[in-house]
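So the chains spell out like this:
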Amino acid sequence: MAQSRRKLRFFLKGTKRSEPGDWMWLFIQMLAGYFVEANWEANVGANTGFIPALASGRVVCHYHVCSSKQCKSVQGLPHVVDCRAIARKYRWGLTVARHLRAALFIETSQAFMFVPGKMGTQHLLGQAIKWNRGIWRKHRPIALIQNHARFNEGPWVAILEVSGLTVNGGGSVGYHGSKLPWIRIFSSEDPEAVVKWVVET
């Protein structure tokens, strides 16, 4: 497998209800070994259930919070940024703190991985797509994960349509007939393929 010698931070986002034994949990556990091998850290969005799976594999996890519930769920972790405290310092409101949290997640990540989730997942995916289209000079890869290889039937089809994107054969994603090299759908059964694609993109 191709390896990255740089210390990269990989953004992970998905449903809050992942539990030990389900396909998301198992996928993250498998992925953790590749993270360490590739010298990557993790930005963990929303799903604090991913943190034990990553930490058990010695992956450094970063988390950004903007609510008391989030603060409690990640209490004791060494790399937590309190976006509420930053907002209070500059006399900003909670809404700004939420936008700041999203922006920090996006800006400090060099690659992204999303598993199916709800509105928060869709919002941050939309932001990562928008930044790839017009803000970053160099595209940052976005891997979309689902628990089967029937990519044209998966949960990402409708979500990507909101951003004007279409799912093509083999998990590739296109825009107005052109294939986008920086976004792709993968099956959870092959975490090595995800890491290899991110390194090579």
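Computed from a predicted structure; not experimentally measured.

Colleague: So what's going on with the overall build of the chain? Residues and values would help.
Modeller: Check the secondary structure of the chain and you find 8 helices and 9 strands. The 201 residues of the chain split such that 48% are buried. Summed over all atoms, the accessible surface of the chain reaches about 10300 Å², with 52% contributed by carbon and sulfur.

Colleague: Give a detailed account of helix α5 (residues 94–107), specifying residues and quantitative values.
Modeller: Taking 1.5 Å per residue, 14 residues should reach 20 Å; α5 reaches 20 Å between its end C-alpha atoms and fits that length. Taken residue by residue, α5 has Ala 97, Leu 100, Arg 101, Ala 102, Phe 105 and Ile 106 as its buried positions.

Colleague: Which residues make up the nonpolar core, and what are the values?
Modeller: Ranked by size, the top nonpolar core spans 32 residues in total, and within it Leu 12, Ile 28, Leu 54 and Met 113 carry the most contacts. Taken together, the elements giving at least two residues each to this core come down to β1 (8–13), α1 (23–38), β2 (40–45), α2 (50–55), β3 (61–65), β5 (111–114), β6 (142–146) and α8 (191–200). It is α1 that contributes the most residues to this core, 8 residues altogether. For Ile 28, the residues in contact, after removing those within four places along its chain, are Leu 12, Phe 50, Ala 53, Leu 54 and Met 113.

Colleague: Account for the side chain of Ser 109, naming residues and giving values.
Modeller: One can find Ser 109 in the loop between α5 and β5. At 2.9 Å, the side chain of Ser 109 forms a polar contact with the side chain of Asn 43. Aside from chain neighbours lying at most four places away, what touches Ser 109 is Arg 9, Phe 11, Asn 43 and Arg 140.

Colleague: Give a detailed account of a negative patch on the surface, specifying residues and quantitative values.
Modeller: The grouping of Glu 37, Glu 189, Asp 190 and Glu 192 at the surface amounts to a negative patch. Turning to its location among the elements, Glu 192 is positioned in helix α8.

Criteria and cut-off values
Residues numbered from 1 in each chain as written. Predicted model: local features only at pLDDT ≥ 70, side-chain atom pairs only at ≥ 80, totals over all residues. Heavy atoms only, no water. Helix = DSSP H or I, 4+ residues; strand = E, 2+ residues; numbered from the N terminus. Buried < 20%, exposed > 50% of the residue type's maximum accessible area, 1.4 Å probe, protein only. Areas by Shrake-Rupley, 256 points an atom, 1.4 Å probe, with all protein chains shown as cover. Expected span 1.5 Å × (residues − 1). Core = buried A, V, L, I, M, F, W, Y, C linked by side-chain atoms within 4.5 Å. Contact = heavy atoms within 4.5 Å. Polar contact = N/O pair within 3.5 Å; in protein donor to acceptor, adjacent residues only side chain to side chain. Patch = residues over 30% accessible without salt bridge, like charges linked within 9 Å, V, L, I, M, F, W, Y side chains within 5 Å. Salt bridge = Lys/Arg side-chain N within 4 Å of Asp/Glu carboxyl O. Lys, Arg positive; Asp, Glu negative; His and termini not counted. Charge placed at Lys NZ, Arg CZ, Asp CG, Glu CD.

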